[in-house]
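Structural features, examined
Here is what each chain is made of, one letter per residue.
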Amino acid sequence: ADLSAASSPQAAAAYADALQTALQNPLLTLESLPDWLKEQGGGAALFLSPLPQGNGERVLHITTPQGGSIYLLERQGRLMPLGAHFLSEGRGDSRLAFGDLTGDGQAEIILWQDGAEAARQAAPLPQVFDAAQTPPQRLPFAAQESFTPGMAFQALWQVQDGALRFESTLFEACPTLV
């Protein structure tokens, strides 16, 4: 079953299992996995982002034509699911950032959805994962304030001075003559 089309929360675990099985082929490496996934058809794409720690670990970001963004962490040849975001009608995007938010000298993995599904939807909170743990543990995160602009907007989370900072661009409705 195509879990990405169904917006399933199990999509990250399913992709981790499928790609881990594919990597058992001695001719396939993590570096060749993006090309291999493209050859499988279906329109999914894979991007590799190294963790800033420089220890060889990477985050895999899989995008699906149905608007899914699936994230996995590769550690010592093992793929571990982080999370999945699903956006309707191609609105918005899914973002990845790294930053030391716990003060332990190791960058955490930060995932968030960019853009709102509806004009009055509150800005989605990021998911923050402690990459120093195996498997990575999701850290509790609560914003100090809710942001519900009542119009289309773009969300941007940035790591500054060991904290997450939220910025937004508002998009006013264009006047239309009917």
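Up top is the structure these notes are about.
First, a word on what this report is: a plain description of the structure on this page. (Residues numbered from 1 in each chain as written. Predicted model: local features only at pLDDT ≥ 70, side-chain atom pairs only at ≥ 80, totals over all residues. Heavy atoms only, no water.)

Bringing the overall build of the protein into the picture now. Along the protein, the regular secondary structure elements total 2 helices and 10 strands. Overall, the protein shows an N-to-C arrangement of helices and strands of α-α-β-β-β-β-β-β-β-β-β-β. Relative to its 178 residues, the protein shows a buried fraction of 36%. Intrachain contacts of the protein at a sequence separation of at least 6 include 40% that bridge at least 24 residues. Carbon and sulfur atoms make up 51% of the accessible area of the protein, which amounts to about 10000 Å² in all. (Helix = DSSP H or I, 4+ residues; strand = E, 2+ residues; numbered from the N terminus. Buried < 20%, exposed > 50% of the residue type's maximum accessible area, 1.4 Å probe, protein only. Contact = heavy atoms within 4.5 Å. Areas by Shrake-Rupley, 256 points an atom, 1.4 Å probe, with all protein chains shown as cover.)

Okay, the environment of Trp-157 next. Within the secondary structure, Trp-157 sits in strand β9 (residues 152–160). Spatially, the C-alpha atom of Trp-157 lies 7.9 Å from that of Trp-112, the residues being 45 residues apart in sequence.

With 17 residues, the main nonpolar core has Leu-19, Leu-33, Leu-46, Leu-60, Ile-62, Ile-70 and Leu-72 as its most contacted residues. Elements with a minimum of two residues in this core: α1 (11–22), α2 (33–39), β2 (58–63) and β3 (68–75). When residues of this core are assigned to their parent elements, the largest contribution, 6 residues, is made by α1. One finds Leu-82, Leu-111, Phe-129 and Ala-131 within the second-largest nonpolar core, a separate group that totals 10 residues. (Core = buried A, V, L, I, M, F, W, Y, C linked by side-chain atoms within 4.5 Å.)

The next subject is the environment of Gly-68. Position of Gly-68 among the secondary structure elements: in strand β3. Sequence separation of Gly-68 and His-85 is 17 residues, and the distance between their C-alpha atoms is 5.7 Å.

Read these as layout, nothing more, since geometry by itself doesn't imply function.
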